[in-house]
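The residues making up each chain are set out below.
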Amino acid sequence: MKIEILVYAYLAVCLAMIGFNIVCIFLFSRNDRETEQSRLYYINLIKEQFGKAVIDERHRMLILKRLVHVREMTAFDKSLEILSKEYPAEVQAYLRGLKSVFVALANRYSRRNEIQMAYFPYIIARYKLFYGEDLPQINRIMVDLLEKPSIYCRENALNAIYSMGVSENVTDALTIIDSTGYYHNKKLLTDGLMSFAGDKKELNEMLWNHLWDYSLNIQLAILDYIRFSSGDFQERMLGLLKEEHNSEIHFCAIRYLGRYPYQPAYEQLMKYAEREDEVRWEYTSITCFALASYPGERTIAALKKNLSSHNWYVRLNASQALESMGLEYADFIDVFEGDDRYPGEMMRYRFDRKKLSERRAAT
């Protein structure tokens, strides 16, 4: 009897799941149809405004009334995405004419739940709605979002601020992020700074001047951003390397000097590459990789020596640096014939892989 009850219960659960899936499919398909209808509606509605010096007041009021609903904003977003591919200039002109509408919408969305609040700055960032603008009412809403525990709110607010292109607002936003105590991924910060729409040179200088006002996580994100965006900081990066700082700061400086070779930094880099300290192997490992930009007999000798390091990462980076210098097989006879077989095996592997890649490219 108990077994029959279990079987019936199991069947009832299965039927309930099937019914739930059918209802979901029906609701989702209906929602997709409605979204598609709204998308087509907005495409036609927006096209009517193309070429007009001033957007019709009736149109602005209609857009304001409809876009207070997230579903309508989603359809509007999809319409802009499609139109931007065919009419990029017209779409930007149209959006510039709707700035007052989006300012009003910002106030509406600022009172929603966090998911809906996060969607609005996403739209601001995606279409650069307030590029070159420094609007107090928008800044106030972005600040409020930056203080939210939700990563979506904080990240989308940061992206909106980057899209406005005002350097001072970026440094202020990072200060707020830092003061909240919420962890924000370093790579997200670096990638976001790379998307900054304003004067990057001005932003770089402002971030450098405020570097020590931030916590280590943001400092590292800023240094990574500067490495990808500018080659004007060689002397200052060498200064960081010579000063007493957290080792992660030093690693950022070494990577920068590897990306942008700076001859005055060579001696400092060689100190790390030539020393015998296995405990601080990270310095040697990162420096070996950076030395690929400083070819020469002394560099090659140091890298060959590090092929015999006890640390695998040091050996790997040394072999990669040597390979990138374009040396020939004959340049490593001393390595192949040495007492330590591991360096020879590593370089043979690199030469064999290179030959294989060349054969594949030829075919």
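Basis of the calculations
- Residues numbered from 1 in each chain as written.
- Predicted model: local features only at pLDDT ≥ 70, side-chain atom pairs only at ≥ 80, totals over all residues.
- Heavy atoms only, no water.
- Helix = DSSP H or I, 4+ residues; strand = E, 2+ residues; numbered from the N terminus.
- Buried < 20%, exposed > 50% of the residue type's maximum accessible area, 1.4 Å probe, protein only.
- Contact = heavy atoms within 4.5 Å.
- Lys, Arg positive; Asp, Glu negative; His and termini not counted.
- Charge placed at Lys NZ, Arg CZ, Asp CG, Glu CD.
- Core = buried A, V, L, I, M, F, W, Y, C linked by side-chain atoms within 4.5 Å.
- 1 Å grid on protein atoms, 1.4 Å probe; cavity = no way out; pocket = protein on both sides within 12 Å on 5 of 7 lines; lining within 4 Å.
- Points joined across faces, edges and corners; volume = space filled by probe spheres on them.
- Nonpolar A, V, L, I, M, F, W, Y, C, P; charged D, E, K, R; others polar.
- Phe/Tyr/Trp six-rings, centres within 6.5 Å; stacked < 30°, edge-to-face > 60°.
- Arc of directions from axis to C-beta.
- pLDDT = per-residue confidence, 0-100.
- Axes fitted to C-alpha atoms, helices over the stretch in contact; angles between N-to-C directions.
- Left-handed = near helix turned anticlockwise from the far one by under 90°.
- Parallel < 35°, antiparallel > 145°, perpendicular 65-115°, else oblique.
- Salt bridge = Lys/Arg side-chain N within 4 Å of Asp/Glu carboxyl O.

## Side note on the overall build of the chain
Part 1 of the argument: Of regular secondary structure, the chain possesses 20 helices and zero strands.
Part 2 of the argument: When its C-alpha atoms are laid out on the principal axes, the chain stretches across 80 × 75 × 50 Å.
Part 3 of the argument: For the chain, buried positions account for 44% of its 363 residues.
Part 4 of the argument: Residue pairs at least 24 apart in sequence account for 71% of intrachain contacts in the chain once pairs closer than 6 positions are excluded.
Part 5 of the argument: Averaging the coordinates of the 47 positive side-chain charges in the chain and doing the same for the 49 negative ones gives two points 7 Å apart.

## Let's talk about the nonpolar core
Part 1 of the argument: Core analysis: the largest hydrophobic core is formed by 108 residues, its most contacted members being Phe-76, Tyr-94, Phe-102, Leu-105, Met-142 and Met-237.
Part 2 of the argument: Those residues within four positions of Tyr-94 in sequence are excluded, and the remaining contacts are Ile-46, Gln-49, Phe-50, Ile-55, His-59, Ile-63, Phe-76 and Leu-80.

## Things to note about empty space enclosed by the protein
Part 1 of the argument: In this structure the tally under the stated criterion is one cavity of 30 Å³ or more.
Part 2 of the argument: Volume-wise, the largest cavity comes out at about 50 Å³.
Part 3 of the argument: If you go around the largest cavity, the residues you meet are Leu-322, Glu-323, Leu-327, Phe-332, Met-347, Arg-350, Phe-351 and Lys-354.
Part 4 of the argument: Put simply, the parts of the chain that give the lining of the largest cavity at least two residues each are α18 (312-324) and α20 (341-362).
Part 5 of the argument: Residues of the lining of the largest cavity, tallied by class, amount to five nonpolar, no polar and three charged.

## Brief notes about the packing of aromatic side chains
Part 1 of the argument: This structure, assessed with the given rule, holds 14 aromatic pairs.
Part 2 of the argument: For the ring pair Phe-251 and Tyr-283, a centre distance of 4.9 Å and an interplane angle of 70° mean the geometry is edge-to-face. Residue Phe-251 is located in helix α14 (residues 247-259), and its partner Tyr-283 is located in helix α16 (residues 281-290); the two are separated by 32 residues in the primary sequence. Assigned by exposure class, Phe-251 and Tyr-283 land together as buried.
Part 3 of the argument: Here a set of aromatic residues connected by ring pairs shows up, and it is made of Tyr-41, Tyr-42, Phe-76, Phe-102, Tyr-109 and Phe-120.

## Focus on helix α13 (residues 234-242)
Part 1 of the argument: Here α13 has its buried residues at Met-237, Leu-238, Leu-240 and Leu-241. All buried residues of α13 fall inside an arc of 155° around its axis, so they share one side. Seen from the buried face of α13, the exposed residues on the opposite side, beyond 90 degrees, are Glu-235 and Lys-242.
Part 2 of the argument: Structurally, α13 contributes buried residues whose contacts are with α11 (200-209), α12 (216-229), α14 and α15 (266-274).

## Brief notes about the side chain of His-59
Part 1 of the argument: Secondary-structure assignment places His-59 in helix α2 (residues 57-66).
Part 2 of the argument: Residues contacting His-59, with those up to four places away along its chain left out, are Leu-45, Gln-49, Tyr-94 and Leu-98.

## Description of the confidence of the model for the chain
Part 1 of the argument: Looking at the chain as a whole, the pLDDT averages 88, with 95% of positions reaching at least 70.
Part 2 of the argument: Highest mean pLDDT in the chain belongs to α11 (97); lowest belongs to helix α1 (residues 2-47) (72).

## Description of the packing of helix α17 (residues 297-306) against α18
Part 1 of the argument: Put simply, α17 and α18 touch, their axes get as near as 8 Å, and they point 145° apart. In this structure, α17 crosses over α18, and the sense of that crossing is left-handed. Across the interface between the two elements, Ile-300, Leu-303, Lys-304 and Asn-306 of α17 pack against Val-314, Arg-315, Ala-318, Ala-321 and Leu-322 of α18.
Part 2 of the argument: Considering only residue class, the contact of α17 with α18 consists of six nonpolar, one polar and two charged.

## Digging into the packing of α11 against α12
Part 1 of the argument: Between α11 and α12, whose axes approach to 11 Å, the crossing angle comes to 150°. Classified by the angle their axes make, α11 and α12 are roughly antiparallel. Viewed along their axes, α11 and α12 form a crossing whose handedness is left-handed. Across the interface between the two elements, Lys-200, Leu-203, Asn-204, Leu-207 and Trp-208 from α11 touch Ile-222, Leu-223, Tyr-225, Ile-226 and Ser-229 from α12.
Part 2 of the argument: Looking at the contact of α11 with α12 residue by residue, the class counts come to seven nonpolar, two polar and one charged.

## Topic: the pattern of salt bridges
Part 1 of the argument: One pass over the full model with this rule turns up 12 salt bridges.
Part 2 of the argument: Here Arg-60 makes a salt bridge to Glu-57, at a shortest N to O gap of 2.3 Å. With Arg-60 and Glu-57 both in helix α2 and three residues apart, this pair spans about one turn of that helix.
Part 3 of the argument: Taking the relative accessible area as the measure of exposure, Glu-57 reaches 44% and is therefore partly exposed.
Part 4 of the argument: Among the salt bridges present, the one from Arg-298 reaches Glu-267, with a minimum N-O distance of 2.7 Å. Remark: Glu-267 occurs in helix α15 and Arg-298 occurs in helix α17; sequence separation between them is 31 residues.
Part 5 of the argument: What makes Arg-298 partly exposed here is its relative accessible area of 35%.

## Observations concerning unusual backbone geometry
Part 1 of the argument: For Lys-128, which is not a glycine, the phi torsion comes out positive at approximately 50°.
Part 2 of the argument: Tracing the backbone shows Lys-128 in the loop between α6 (114-127) and α7 (136-146).

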